[in-house]
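Breakdown of the fold
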Amino acid sequence: MKKGIVVIAGFSVLLLLMVGGDGYAQDAQTIVADSFNYWRGEASIATVTMRIHRADWERSYTIKAWTKGEKESLFTILSPPKDEGNGTLKRGSEMWMYNPKIDRVIKVPPSMMSQSWMGSDFSNNDLAKSDSLLYDYTHTLTGTEVDEGTMVYLITSIPKPDAPVVWGMQKLKIREDLIFLREEFYDEDQKLVKALDFYDIQILGGRRYPRVMKMQKTEAPDEYTLVEYDDLTFEETLSDDLFTLSALKTPRR
Amino acid sequence: MHLQLAWRNIWRNPRRTTIITIAVVVGVWSMLVVGALDRGMIDQMVRNAIATLTGDIQIHHDGYRSDPVIENSIADPKDVHNALARHLPEGSFWTARVRVNAIVSNARYSTGVTLVGIDPESEARVSFIKTAVVDGHYLASDDTTGILVGRALVDKFETKVGHKLVLMSQDTEREIASRAFRITGTFRAELEATERQFVFVNKAAAQEMLKAGNGISEVSLFLPDHETVDMVRDKLKASLPPAYEVETWRELLPIITAYLSIMDSWIFIWYLVVFIAMGFGIVNTMLMAVFERIREFGLLTALGMKPWWIIKGVLLEAFFLLIMGMAVGNAFGFASVFILNRTGIDLSALGAGAEYVGLPRVIYPTVYIQDVITANVVVFVLGLLITIYPAAKASRFTPVEALAHI
Amino acid sequence: MSIVECKDVKKAYRQDHLFVQALGGITVTVARGAFVAIAGPSGSGKTTLLNLIGGLDTADSGRITVDEKTVTSMRQSELAVLRLYKIGFVFQSYNLIPVLSALENVEYVMLLQGVPQRERRERACSILDEVGLKEMYHRRPAELSGGQQQRVAVARAIVSNPSIVLADEPTANLDSKTGKELLQLMEKMNEEREITFIFSTHDQMVMDYARRLIILRDGLVTDDRSRDP
């Protein structure tokens, strides 16, 4: 089924390239939505290593992650031991965090949403509003390029006028097989603030998938966060019980 | 004749009299000027605070002040409107606001602020905000995406008029509410902290964002006569259900109120310090004057003058010196304050330090009649009291020693 | 009838570490209306005796009465009242208050006595006329000669009609002509107003004016003789 969509999308692009004009944006919309869904899957279980790199130190966490649809995810830390059991639950645009040492669940308040998630280059907002790209932007296909023999869509995403997003613009590179290569975040003056790169595309969980993500702020070249998939499985669905506050406290391994 | 005698006595040594008088003049002058500076400063602080957002009186729903979240708002302001319509004196203004803590962010920065949803028209008559806009323009009543931001925040966020800010807060359902606004104008405030703390949007926009319906957080009142504050507060309190809190600026600004009460003691202490410096001068000079005239006091005693009369004579001399010094000192003091009051004293050169302690940028010294009275009473009464010492010395010279004294 | 009575009056001063016996037991009586000179070399006790009679100093022992009031048992405040109403003083020098005019100096004593202003002014003027200072009402002491100053002092001493005037070496700073004029003035006042005058001196010319001469030496009366009228 997925393949079908890709094919249709590919045809549409070609069609629109020839026709030009208004429909173009609509099409970019589809590419973004499809690749987002491809990336997320219906549901997934993954084990990742997150490496937070700074000029004078580096820290890594092993995290187990469950996702379901566009809106639900659960993360729990497996190592290092001192952080084991720390968890984050996201449902819709709300987030909760659990700290086993004090055995408390806190709902992430608005004031913490723009803060860094676990000290990384991702903010809580990046996680909580990961699907914002789908709803808050108008996407326009601005061109294509070829990367290692594969066509890559270059998409410029402009936030809708009233959308509560801080970015002035995003630029996306999406391979024709719907794999994200790069997501760039610009401010309102069209200056690049940070970029998320996807590397090392291989077969993961039965589909082609970028094994490594790297988030880096433009202003701090020697600071970045790497997320590497150690293991990834896609599921048809996952139980709703997994994305509850009690599951946050005692996640399944 | 006692007056003439005392008056002529003080002019026997014009230089000494001039010195004492100058000491009193400088003392009284510095009392008045420093007192007026302090008063001007605190007045300015009070006025800033009231004009910034406090107003003379505020009405809140019970609990809002301790936990300023949208759930503690006045859900239906009808009661308040009725009470205001009935009890506000002629010439009063009031405005209703939504006021919650929020996070403002743009692509690079993010910080906590107080989100104030205002009714642009009535707000303009109550608080500083309309006149404080320096770039861009004030909020239009129908502009539901506009936001007014302080100069300092704009600088910190490296943004400008026309750019977007995203506000996040908690709505009435305890969900995260966020909404994008565009900067329509930037404002300046007396305190940089104010510029960093407050952002203003239309009340309707805030209510929509927070899912607050018609709910408001506070009503702020501006009265034509500030003396009637307590009276109006009591009337409003009596006519509103107990779930409402009606408070005057004194209750709303406890720190400034505390400051005000400290100020009285502080000014009095300052007067005493100045007086002690001045008092030593007076006592010394009077002692010199008395010892120079030992023979004369001896003669007066011999003629049958009682000690008390001699004390009175010396006190009378001090009285003239004090009165002269006070007259000139008050004149200079009033003149200085008058001039400084017209130009104002610009503290912005002090920069961040002054800002930090909450000083206004410009101080207009203000004379309080009670301070003038206190200063003069302190100088006069204490001046006479300390002169009792040299006067008592004068009265104790026995005629035999005194007349033998060369 | 005597106005001053001294009975075995003794007074010693402590000077550095020595006690100096200023008066060694004086017994003297002065009659009302007398014009008495107390004479003797310096250190003989003249001034001390006058001070004791005037209540400016207190005796160690003995008894002094002035106008039937016992000075030696009075408190300071009573002495002040006595001096104010009953006794006039003329000193050798520094008799006047320098910032007051001649007229005001005379008036000042009456002010202390509580005499109403109008009366004060009239009495001061007439007494100054009497002592020959009609043109000098408004001069300050510094603008008057030594003799004129002493005349003002005499005017002040007698203006309130005291029982006695005590004058301590009143002529000592005056030339002999002026001194003589002052004595003549005092004598005139003594005769016209019947005020008792007791003055100390070591000047022969002054002694000659006195109708009674008491000579002191080392704190004791060595001679007391009256001139025949």
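Residues numbered from 1 in each chain as written. Chains lettered and ligands numbered in written order. Predicted model: local features only at pLDDT ≥ 70, side-chain atom pairs only at ≥ 80, totals over all residues.

**Side note on the overall build of chain A**
To be explicit about the condition: Here a helix means four or more residues in a row that DSSP labels H or I, a strand means two or more in a row labelled E, and each is numbered from the N terminus. The contact rule is simple: place each C-beta atom from the backbone, and if two of them lie within 7 Å, those residues are in contact.
In terms of helices and strands, chain A carries 6 helices and 13 strands. Counted over contacts in chain A with a minimum sequence separation of 6, partners at least 24 positions apart contribute 44%.

**Structural notes on the overall build of chain C**
The condition that has to hold: The burial criterion counts other C-beta atoms lying within 10 Å of a residue's C-beta, which is placed from the backbone; the residue is buried at 20 or more, exposed at 12 or fewer, and partly exposed between these limits.
A tally of regular secondary structure across chain C gives 7 helices and 10 strands. Taken over 229 residues, chain C has a buried fraction of 47%. Considering only contacts within chain C whose residues lie at least 6 apart along the sequence, 70% involve residues at least 24 apart.

**A few points about the interface of chain B and chain C**
The line we're drawing: Three categories are distinguished: nonpolar for Ala, Val, Leu, Ile, Met, Phe, Trp, Tyr, Cys and Pro, charged for Asp, Glu, Lys and Arg, and polar for the others, with Gly belonging to the last.
On the side of chain C, 20 residues touch chain B, which itself brings 17 residues to the contact. Put simply, the parts of the chain that give the side of chain B that touches chain C at least two residues each are helix H1 (2–10), helix H12 (294–302) and helix H16 (399–404) of chain B. Among the elements that line the side of chain B that touches chain C, the one with the most residues is H12 of chain B, at 4 residues. Among the residues forming the side of chain B that touches chain C, the class breakdown is 10 nonpolar, 2 polar and 5 charged.

**Observations regarding the nonpolar core**
Let me state the cut-off plainly: Buried Ala, Val, Leu, Ile, Met, Phe, Trp, Tyr and Cys residues whose C-beta atoms connect them within 7 Å together make up a nonpolar core.
By size, the foremost hydrophobic cluster in this structure holds 111 residues, and its most contacted members are Val 24 of chain B together with Val 36 and Ile 198 of chain C. Not counting residues up to four positions away in its chain, the partners in contact with Val 36 of chain C are Val 30, Phe 197, Ile 198, Ala 210, Arg 212 and Ile 214 of chain C. Among the nonpolar cores identified, the runner-up in size contains 93 residues, and Tyr 61 of chain A together with Val 116, Val 154 and Ile 176 of chain B belong to it.

**Remarks on the interface of chain B and chain A**
Taken together, the contact pairs 20 residues of chain B with 18 residues of chain A. At the level of secondary structure, the elements contributing two or more residues to the side of chain B that touches chain A comprise strand E2 (93–105), strand E3 (110–118), strand E6 (164–170) and strand E7 (176–187) of chain B. Within the side of chain B that touches chain A, the residues separate by chemical class into 7 nonpolar, 9 polar and 4 charged.

**Describing the sheet that holds strand E7 (residues 164–168) of chain C**
All names here are of chain C. Stated formally: Each pair of strands is called paired provided DSSP finds at least two bridges between the two strands. Axis definition: a line fit to C-alpha positions, over the contact stretch in the case of helices; interaxial angles, taken between N-to-C directions, run 0 to 180 degrees.
Spatial ordering of the open sheet is given by E6-E7-E8-E3-E9-E10, a layout of 6 strands whose pairing is mixed. If you trace the sheet from one side to the other, it starts and ends with strand E6 (87–90) and strand E10 (220–226), each paired once. In this sheet, neighbouring strand axes are inclined to one another by 15° on average, regardless of whether the strands run parallel or antiparallel.

**Section: the packing of helix H3 (residues 78–87) of chain B against helix H9 (residues 229–239) of chain B**
All names here are of chain B. Stated precisely, the cut-off is as follows: Our angle categories are set so that under 35 degrees counts as roughly parallel, over 145 as roughly antiparallel, 65 to 115 as roughly perpendicular, and the remainder as oblique. A crossing counts as left-handed when the near helix is turned anticlockwise from the far one by less than a right angle, and as right-handed when that turn is clockwise.
Across the interface, H3 lies against H9 with an axial gap of 10 Å and an inter-helix angle of 135°. The angle between the axes of H3 and H9 places the two elements in the oblique class. With respect to the hand of their crossing, H3 and H9 are arranged in right-handed fashion. Where H3 approaches H9, its residues Ala 83, Arg 86 and His 87 are matched on the opposing element by Val 232, Lys 235, Leu 236 and Ser 239. Of the residues that constitute the contact of H3 with H9, the class distribution is 3 nonpolar, 2 polar and 2 charged.

**Some thoughts on the sheet that holds strand E4 (residues 61–66) of chain C**
One open sheet accounts for 4 strands, arranged E2-E1-E4-E5 (chain C); its pairing is antiparallel. Among the strands making up the open sheet, the edge pair consists of strand E2 (18–31) and strand E5 (69–70) of chain C.

**What to know about helix H2 (residues 14–54) of chain B**
How we decide: Under the convention used throughout, the expected extent of a helix is 1.5 Å for every residue step, that is, one less than its residue count.
The terminal C-alpha atoms of H2 of chain B, which comprises 41 residues, lie 56 Å apart, in line with the 60 Å expected from a rise of 1.5 Å per residue. Count one or two residues on from H2 of chain B and you reach Gly 55 of chain B, which has phi positive near 75°.

**Considering helix H4 (residues 117–130) of chain C**
Residues and elements named next belong to chain C. Applicable threshold: The arc in question is formed by the directions pointing from the helix axis toward the C-beta atoms.
Under the 1.5 Å per step criterion, the end-to-end length of H4 is 20 Å for 14 residues, consistent within 8% with the ideal 20 Å. Taken as a whole, H4 has its buried residues at Arg 120, Ala 124, Ile 127 and Leu 128. Looking down the long axis of H4, one finds its buried residues gathered within 100° of arc, a one-sided arrangement. Exposed residues on H4 whose side chains face more than 90 degrees from its buried face are Arg 118, Glu 119, Glu 122 and Ser 126. The secondary structure elements touched by the buried residues of H4 are helix H3 (102–113) and helix H5 (146–158).

**Considering the packing of H2 of chain B against helix H15 (residues 369–395) of chain B**
Residues and elements named next belong to chain B. The interhelical angle for the contact between H2 and H15, taken along N-to-C directions, is 150°, at an axis separation of 10 Å. Here H2 lies roughly antiparallel to H15, going by the angle between them. The chirality of how H2 crosses H15 is right-handed. In this structure, H2 contributes Val 24, Gly 27, Val 28, Met 31, Leu 32, Gly 35 and Arg 39 to the contact, and H15 contributes Asp 371, Val 372, Ala 375 and Val 379. When its residues are assigned to classes, the contact of H2 with H15 shows 7 nonpolar, 2 polar and 2 charged.

**Focus on the environment of Lys 306 of chain B**
If you trace the backbone, Lys 306 of chain B turns up in the loop between H12 and helix H13 (307–343). Between the C-alpha atom of Lys 306 of chain B and that of Ser 395 of chain B, which follows or precedes it by 89 residues, the distance is 8.1 Å. Leaving out residues up to four positions away in the same chain, Lys 306 of chain B has contacts with Ser 77 and Ala 80 of chain C.

**Concerning unusual backbone geometry**
All names here are of chain A. In this chain, Ser 79 is followed by Pro 80 through a cis amide linkage whose omega measures 5°. By the secondary structure assignment, Pro 80 is in the loop between strand E3 (72–79) and strand E4 (87–91). Phi at Met 118 takes a positive value of approximately 55°, unusual for a residue other than glycine. On the secondary structure map, Met 118 appears in the loop between helix H3 (110–113) and helix H4 (124–128). In this structure Met 118 comes out as partly exposed when scored by C-beta crowding, with 18 C-beta atoms within 10 Å.

**Notes on the confidence of the model for chain A**
Residues and elements named next belong to chain A. Put simply, the rule reads: What pLDDT conveys is the predictor's confidence in a given residue, as a value from 0 to 100.
Of all residues in chain A, 89% have pLDDT values of 70 or greater, and the mean over the chain is 84. Within the model, pLDDT remains below 50 along residues 1–7, and this stretch shows 4 contacts once partners closer than five positions in the same chain are excluded. Segment residues 9–25: pLDDT under 50, and 16 contacts once partners within four positions in sequence are set aside and those in other chains are kept.

**So, the environment of Asn 125 of chain A**
Residues and elements named next belong to chain A. Take Asn 125: it is sitting in helix H4. Note on Asn 125: 27 C-beta atoms within 10 Å, which makes it buried. Separated by 11 residues in the primary sequence, Asn 125 and Ser 114 have C-alpha atoms spaced 5.7 Å apart.

**Examining the environment of Gly 162 of chain B**
Residues and elements named next belong to chain B. Assignment of secondary structure puts Gly 162 in the loop between helix H6 (151–156) and E6. Separated by 15 residues in the primary sequence, Gly 162 and Ile 147 have C-alpha atoms spaced 9.6 Å apart. With sequence-adjacent residues up to four places away left out, Gly 162 is seen in contact with Arg 182 and Ile 183.

**Quick look at the pairing of E10 of chain C**
Residues and elements named next belong to chain C. As paired elements, strand E9 (residues 212–217) and E10 share 6 bridges and run antiparallel to each other. Note on E10: the bridge partner recorded for Arg 212 is Ser 226. The antiparallel pairing of E9 with E10 creates a hairpin that spans 2 residues between the two strands, and Asp 218 there sits at a positive phi of about 50°.

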